[in-house]
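This is what each chain is made of:
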Amino acid sequence: MMHANTIILKQKNMKHKILRLLLCSFMATAAMSSCSDSEYDFENLFPKEYHSIVAIADEESDSITFYDPTDNIDFSVNVIKGGSDPGIVAKAHLEPIPQDRLTAIDPGYVALPDSCYTLQGNSLTFDGEQAKQSIRVAFSMEKLYRFVTAYRQAGVTFVVGLGLVSENATVYSSKSRILRAVSYIEPGILTNAINPSVQ
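Residues numbered from 1 in each chain as written. Predicted model: local features only at pLDDT ≥ 70, side-chain atom pairs only at ≥ 80, totals over all residues. Heavy atoms only, no water.

In space, the five strands of this open sheet follow the order 6-8-3-1-10, with mixed pairing throughout. In this open sheet, the two edge strands, each paired with only one partner strand, are strand 6 (117-120) and strand 10 (170-171). Strand direction decides the pairing type here: strand 1 (residues 53-56) and strand 3 (residues 75-82), joined by four bridges, are antiparallel. Following the sheet pairing, Ala55 is matched in strand 3 by Ile80. (Pairing = 2+ DSSP bridges. Helix = DSSP H or I, 4+ residues; strand = E, 2+ residues; numbered from the N terminus.)

Within the secondary structure, Gly82 is located in strand 3. Look at Gly82 and you get partly exposed, because its relative accessible area is 30%. Considered as a pair, Gly82 and Val54 are 28 residues apart in the sequence and their alpha carbons are 6.4 Å apart. Sequence-distant contacts of Gly82, that is, excluding residues within four places in its chain, are made with His51, Ser52 and Ile53. (Buried < 20%, exposed > 50% of the residue type's maximum accessible area, 1.4 Å probe, protein only. Contact = heavy atoms within 4.5 Å.)

Before going further, it helps to examine the nonpolar core. Counting residues in hydrophobic clusters, the biggest one holds 31 residues, and the most contacted among them are Leu112, Phe139, Leu144 and Val182. Discounting residues that sit within four places of it in the chain, Leu144 has contacts with Phe66, Ile73, Leu112, Cys116, Phe139 and Val182. If you look at the next biggest cluster of nonpolar residues, it comprises five residues, including Ile97, Leu102, Val159 and Leu179. (Core = buried A, V, L, I, M, F, W, Y, C linked by side-chain atoms within 4.5 Å.)

If you walk through the whole model with that rule in mind, you get six aromatic pairs. With a centroid separation of 4.9 Å and 40° between ring planes, the pair formed by Phe147 and Tyr151 is classed as tilted. Of the two residues, Phe147 and Tyr151 are both situated in helix 4 (residues 141-151); the distance of four residues between them amounts to about one turn of the helix. For Phe147, a relative accessible area of 18% translates into the label buried. Ring-pair connections join several aromatic residues into one group, and the members of that group are Phe66, Tyr145 and Tyr184. (Phe/Tyr/Trp six-rings, centres within 6.5 Å; stacked < 30°, edge-to-face > 60°.)

Now for the side chain of Asp58. Relative to the assigned elements, Asp58 resides in the loop between strand 1 and strand 2 (61-66). One buried charged residue, Asp58, remains without a salt bridge, the closest side chain of opposite sign being Arg180 at 5.2 Å. A polar contact of 2.6 Å, which involves the side chain of Asp58, links it to the backbone nitrogen of Asn78. The contacts of Asp58, once residues within four sequence positions are left out, are Ser76, Val77, Asn78, Lys175 and Arg180. (Lys, Arg positive; Asp, Glu negative; His and termini not counted. Salt bridge = Lys/Arg side-chain N within 4 Å of Asp/Glu carboxyl O. Polar contact = N/O pair within 3.5 Å; in protein donor to acceptor, adjacent residues only side chain to side chain.)

Shown next as structure tokens:
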């Protein structure tokens with residue numbers, strides 16, 4: 001049979017253990033409460049500009065060639081969202097890059113007038129569930145054909161230049177624009193290039 005003094009001693013040790021656990025729990029709760037409005041909050045662990053970030057997922061530069069005014073050369077621009085706080089609703093859209101900025105990129109770039117194309121779905125809203133959306137660039141082929149054939153000359157590259165803009169998110173600078181060089185090749189010129197004997 002266990003001695004009464006031994007039982008009392010074990011009960012005291014158990015009480016001390018419970019008190020220590022309660023004290024540790026209280027101290028941890030107090031510490032968390034004291035930091036709830038401090039610089040150690042999760043949202044403050046990252047600078048504000050990293051809470052919500054948008055970027056263009058596609059390659060910056062590419063070329064598009066059409067051979068007939070009836071060709072369909074429409075393309076999509078894929079925009080992605082990330083950041084330290086995925087719950088933030090982010091808004092974004094594309095805007096044409098002005099001619100002076102295109103010239104700074106390449107002196108031979110000439111912006112296609114916006115009458116040659118339209119941006120379909122150019123008002124993106126990312127909620128917590130969305131990480132990728134697309135904007136469609138749809139060409140007015142008749143207007144594009146007339147412009148390209150009227151103004152083309154040596155050293156000139158017609159470009160659709162679009163920059164990503166956001167009202168409430170950070171735009172990732174190195175993935176903030178697309179440049180699509182658009183060219184027209186006449187079927188006769190293409191045939192002669194492939195087979196010079198054809199007149």
